[in-house]
Each structure stands twice: as C-alpha cells, then as structure tokens.
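The chain contents come next:
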Amino acid sequence: MANTAHFDFDTVVERRGTASLKWEKYRGRDVIPLWVADMDFRSPPAVIRALQQRVADGVFGYTVAPEELTAAVVAMLATRYDWKVNPEWLVWLPGLVSGLNVACRAVGEVGEDVMTAVPVYPPFLTAPAHSRRNLIKVALKEKNNRWQFDFDLLAQSITPATRLFILCNPHNPVGRVYTRDELATLAAICRKHDIVICSDEIHCDLILDGEKRHIPTAMLDPETSARTITLMAPSKTFNVPGLGCAFAVISEENLRARFKKAMAGIVPGVNALGYAAAWAAFTECADWQAALLEYLRGNRDAVAQAVARMPLLSMAPVEATYLAWIDARAAGLKKPAAFFEAAGVGLQDGIEFDAPGFVRLNFGCPRSLLKEALDRMAAAMADISKCS
Ligand SMILES: Cc1ncc(COP(=O)(O)O)c(C=O)c1O
C-alpha cells in the first residue's frame, strides 16, 4: 500500500503570471480555466529535485537519451504491463503530437487515408492533412452510458487506400479504457486490411476505475505488435507537459526505420530537463502517482455528482484521464463552451473534438477550485432551466 498521506493536492498554486497556456487564456478575467490537459498541481517532489540537480550541473549541451532512462522505461513497461520491450524499439520524441504527425508521414503515401474514431483529441483530426493524407472519421457510439466502437461502421468505412488507424487508449475525451476484446476486434480489422495502428497511450497511467487495467495495443499478439506504433510519455501523469519528453515503441524494424526517416531533420531531440524529469517520474514517483489517482477519483466523483444534479447535462463514467466529457445537447446551446465561459468556467468546446453540443472539463485541479467551477456551472444551468 502506497504511503499517500504526505502529498498536497489541495493547495491552490498561483499559476497566473507564469506564462501558463491554461491560465493566460483568461488573463484579467474571472474565469476558472478547466480546459487544456495539464493539471494545476506541482510536479512530484522527486521530479522537482531531479530538475534542480540537473540545473545545478550548469551545462546544457546537446543531450542523448540517458542509458539509465532507457533502462527505466524498459523496466517500467515490464513491471506495469508485463510488456517485454527491447531498448532498440524506443524512439524518443519531444511530444506525442509530433509522434502522431510523424506516424501520418511515415505510413502510406500522399493522398491515402488515415482513420480515427471521433470524438477525439483535436490533433488526431489535423495530423493527416498536415502530411497530405485524407482523414476518415468513424463515430463512437454511446450505448448503455458507455462510449464504444461501432465496429460495423468502422469496417464499412475502410477504403482500399486506408493505411493507418490512430487510436486513443485510454480515450481522450470519452474517458474509456478499452478492453482486451475491443482492442482485439480493432486489431483483427486492421490486420485484415493491412492497416498500421498508431496507439496514443499518453493517459495509460491515469486509470481511475479500479476494475480496469490498461492493455498496450502492441501487447495483444506479435502480429499486432509488428504493425503498431505506441506513443507514451510521463507528461500527463506526472504533470510535466511543458518539458517535452515522450517516446514511441516500435518493434518492427522497417516500420521503425520509416518512422525515424519521417522525423529526420524536422523533429528535434528531447531537451536535457525533459529527460531528467522523465527519469525521476518513472523511477521515484509511484507513491505520488497513487496519491494523485486517489485525489483524481475524488474529483471525478465530485464532477459526476454535480452533473447528475444538472438536469440538462449528462456524462458517462470516466474510467481514465482527468477529463470529463459532458453532453450539453439537451440544453440547446449553440456554443456551450462560450456559455460556460460567460458564467466563469473555461471549458473546451466539443466542436474541436468533432462533437458539437459537448464540453470537455479538466478536473486535474485542487478540489476547492473545481467545486467553485461546478457551482458556477450549476448556477448558469439553473438560469437556463428557469427560462425554458
Ligand atoms: C491523447 C493525447 N495525445 C497527446 C497529447 C499531447 O501530447 P504532447 O503534449 O506530448 O504533444 C494529449 C494532451 O492532452 C492527449 O490528450
């Protein structure tokens, strides 16, 4: 049992005036920002210490991936997922979004097709066009209060030119942790049509549902491993997205070579501080992570309870991530995020995820801030109910 008592997630850290993307958006306005996916918590003490030590070195030349970090990642994947990864399979990246874009360039040709399931994290929607590929969107379906793949629709939507499927697991924004059966069905379809899978697993260490386990797609079977580019990072779990450190795991040699070729001359190396933070995150922060998950579960419950009290809003259970995907369609609002912003809460509009009428709420913040935001939303919704 982790010793979780001594970590503080309740203190509101002042992020105004720190050039925070999340907070700068509403500079000078009384809007609580619950949009972009970073958390308002300080990073784990061990990460802060590792960064301080690295800064104290005082020399910041070009950096290669430290051998001990590669070893730590290999050990972490073996311990957490029983996934035996060869160190050569790792490709370090300055961010997952770079990885998504590189995957689109590395697989197939200009004019061919890339498929994804929507709603989804916006860079999934833009990456194919950046490399002159066409995007095929397949809608997830909500059934029994659970977002799921529509495999019939998915199979029907595949064209002879479909080369890549970009998967988000756990899924941002719908919060699903896909089961082995779901992943196996998807993998079988991809195998049948010779489609490469790019599996974005950035949220894999943020599983909130105690019954669920993250299954790396590449672990399903050797054939799927050979057609999968897995993307992972310490950035979401340990709240270091501003340090730009991520990695791809690609077991198949030719696919890895294509991926590296697509990166050449464009994608910079990871910076020295990103590596230092990643090492500490993967080796010294298990207690902090356990405490974080416990705190996030409390926040998730607070959101679910508040939404349940607002008759025009609804949401499915959040199995993973610190993001709640809220259906506001019953409220009949043209621009729900703008509506909540006017009420003092900064959410992300579903339209950016290909789902108008929804909003995404980031609950990775001190509970007091979250409760204030939920109160503001409830007051705004009560006003609508009175008018309708
Ligand atoms: C699914 C997913 N992929 C990638 C990213 C961003 O990755 P990065 O900051 O490493 O580019 C996010 C951030 O929210 C995300 O939710």
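Data block above holds the structure.
Residues numbered from 1 in each chain as written. Predicted model: local features only at pLDDT ≥ 70, side-chain atom pairs only at ≥ 80, totals over all residues. Heavy atoms only, no water.

Draft legend 1. Fine view of the sheet that holds strand β8 (residues 196–200). Spatially, the seven strands line up as an open sheet ordered β2-β10-β9-β8-β7-β3-β4, and their pairing is mixed. Looking at which strands have only one partner, the edges of the open sheet turn out to be β2 (90–93) and β4 (134–139). Here the average twist between neighbouring strands, direction ignored, is 20°. Two elements, strand β9 (residues 228–232) and strand β10 (residues 246–250), share four bridges in a ladder whose sense is antiparallel. Opposite M232, over in β10, you have F247 as the bridge partner. Set on the sheet, helix α3 (residues 67–81) makes contact with β2, β9 and β10; between it and β2 the angle comes to about 115°. Contacts between helix α4 (residues 96–106) and the sheet are confined to β2, β3 (113–118), β7 (162–168), β8, β9 and β10, with β9 contributing the most and set at about 165° to the helix. (Pairing = 2+ DSSP bridges. Helix = DSSP H or I, 4+ residues; strand = E, 2+ residues; numbered from the N terminus. Axes fitted to C-alpha atoms, helices over the stretch in contact; angles between N-to-C directions. Contact = heavy atoms within 4.5 Å.)

Draft legend 2. Main features of the site of the ligand. For the ligand, the full set of nearby residues is A37, G95, L96, V97, Y121, C168, N172, D200, I202, H203 and K236. At 2.7 Å from an oxygen atom of the ligand is found a side-chain nitrogen or oxygen belonging to N172. Contact between the ligand and D200: a nitrogen atom at 2.6 Å from a side-chain N or O atom of the residue. When isolated, the ligand has an accessible area of 400 Å², and the protein chains bury 88% of it. Per-class residue counts for the shell around the ligand are six nonpolar, three polar and two charged. (Near = heavy atom within 4 Å. Polar contact = N/O pair within 3.5 Å; in protein donor to acceptor, adjacent residues only side chain to side chain. Areas by Shrake-Rupley, 256 points an atom, 1.4 Å probe, with all protein chains shown as cover. Nonpolar A, V, L, I, M, F, W, Y, C, P; charged D, E, K, R; others polar.)

Draft legend 3. Representation of the pairing of strand β12 (residues 323–327) in the model. Taking burial as the measure, the five residues of β12 include five buried ones, the bulk of the element. Note that strand β11 (residues 314–315) and β12 share two bridges and pair antiparallel. Considered in β12, the bridge of M315 is made with I326. Examined bridge by bridge, β12 and strand β15 (residues 358–362) share five bridges and lie antiparallel to one another. Bridge pairing in β15 links L323 to N362. (Buried < 20%, exposed > 50% of the residue type's maximum accessible area, 1.4 Å probe, protein only.)

Draft legend 4. Layout of helix α9 (residues 253–263). The complete set of buried residues in α9 reads L255, R256, F259, A262 and M263. The arc that holds every buried residue of α9, seen down its axis, measures 125°, which confines them to one face. Exposed side of α9, more than 90 degrees from the buried face: E253, N254 and K261 are the residues found there. Considering only its buried residues, α9 is in contact with β2, α4, β8, α8 (222–226), β9 and β10. For α9, the N-terminal capping position is held by E252, with its side-chain oxygen 3.0 Å away from the main-chain nitrogen of N254. Just beyond α9, the residue with positive phi is G265, at close to 75°. (Arc of directions from axis to C-beta.)

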